[in-house]
Amino acid sequence: MESLEVIAVPHFNKADLAWLTDIRSRRAGSRGTPYFTLVFSNFSIQPEAFLRAARLYTKDCHAIRFRLRSALVVPEQAIGRFHVFLIPEEGFGAILKLHDKLHAGVLKGALRQDSPYLPHVTVATTRDYNEARDLALALNQGGIDIHGHIDTLLVETRSGADIHLLAEIQLSKASWFS
């Protein structure tokens, strides 16, 4: 089944990006760069309408600065696994508000009703709760502090492992007060 997505691929410094890419590859089986998923839609909507709505709902959104400073274990009962998420301490509200803006109008049907949205970057996935908990504790006790910013959103189609970029949406430059 094909899905439509809006993701934010943040900018990180080289060392943090290398560390995130490595841990995600080893612990989450993810080979790509770290990102925040903002919209994951498998409801029936034409890609052109999806893209038009995403552009409309983000036209006044500013770039977002954030800091990942906490790790959290999150169960995903449907697949019997536990994820370790890095959660932004700074920028959490701005990412959450962007998510909310994107789930208006015709994209409202993409909103997950089974769990609240939690801005995050996944760094590990495992069937063993204790393994996930140990990693989260180690990250939290190690003083994780990763700075990043989001200035572009990607609109993609996904069918299994095949991902196709439909468009990039630039967020406006931050003002003196954002």
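To be clear, the structure that these remarks concern was listed above.
Reading the values: the criteria
- Residues numbered from 1 in each chain as written.
- Predicted model: local features only at pLDDT ≥ 70, side-chain atom pairs only at ≥ 80, totals over all residues.
- Heavy atoms only, no water.
- Helix = DSSP H or I, 4+ residues; strand = E, 2+ residues; numbered from the N terminus.
- Expected span 1.5 Å × (residues − 1).
- Buried < 20%, exposed > 50% of the residue type's maximum accessible area, 1.4 Å probe, protein only.
- Arc of directions from axis to C-beta.
- Contact = heavy atoms within 4.5 Å.
- Polar contact = N/O pair within 3.5 Å; in protein donor to acceptor, adjacent residues only side chain to side chain.
- Salt bridge = Lys/Arg side-chain N within 4 Å of Asp/Glu carboxyl O.
- Phe/Tyr/Trp six-rings, centres within 6.5 Å; stacked < 30°, edge-to-face > 60°.

Colleague: Run through helix α4 (residues 129–141), naming residues and quoting values.
Modeller: The terminal C-alpha atoms of α4 lie 18 Å apart, and with 13 residues this matches the ideal 18 Å at 1.5 Å per residue to within 8%. Along α4, the positions that sit buried rather than exposed are Ala-132, Leu-135, Ala-136 and Leu-139. Taken around the axis of α4, the buried residues stretch over an arc of 100°, which confines them to a single face. Opposite the buried face of α4, by more than 90 degrees, sit the exposed residues Asn-130, Asp-134 and Gln-141. The secondary structure elements touched by the buried residues of α4 are α1 (14–28), β3 (64–76), β4 (81–90) and β5 (121–126). Of the residues that open α4, the one with a side-chain oxygen 2.9 Å from the backbone nitrogen of Asn-130 is Asp-128.

Colleague: I'd like a description of the pattern of salt bridges, backed by residues and values.
Modeller: Considering all chains together, one arrives at 7 salt bridges under this definition. Here Arg-67 and Asp-145 are joined by a salt bridge, their closest N and O atoms 2.4 Å apart. Of this pair, Arg-67 sits in strand β3 while Asp-145 is found in the loop between α4 and β6 (146–150), placing the two residues 78 residues apart along the sequence. The closest approach of N and O atoms between Asp-114 and Arg-112, which form a salt bridge, is 2.7 Å. Its relative accessible area of 60% is what places Asp-114 among the exposed residues. On the accessibility criterion, Arg-112 (51% relative accessible area) is exposed. Several salt bridges converge on common partners, so that one network encompasses Arg-67, Arg-69, Glu-89, Glu-90 and Asp-145.

Colleague: So what's going on with the packing of aromatic side chains? Residues and values would help.
Modeller: Going through the model one piece at a time under the given rule, you end up with 3 aromatic pairs. Measuring from centroid to centroid gives 5.2 Å for Phe-36 and Phe-66, while their planes differ by 85°, and the two rings are edge-to-face. Residue Phe-36 is found in strand β2 (residues 36–41), and its partner Phe-66 is found in strand β3; the two are separated by 30 residues along the sequence. The same class applies to Phe-36 as to Phe-66, namely buried. For the pair Phe-82 and Tyr-129, a centre-to-centre distance of 5.4 Å together with 70° between the ring planes defines the contact as edge-to-face. With Phe-82 in strand β4 and Tyr-129 in helix α4, this residue pair connects regions lying 47 residues apart in the sequence. Exposure remark for Phe-82: the relative accessible area of 21% places this residue in the partly exposed category.

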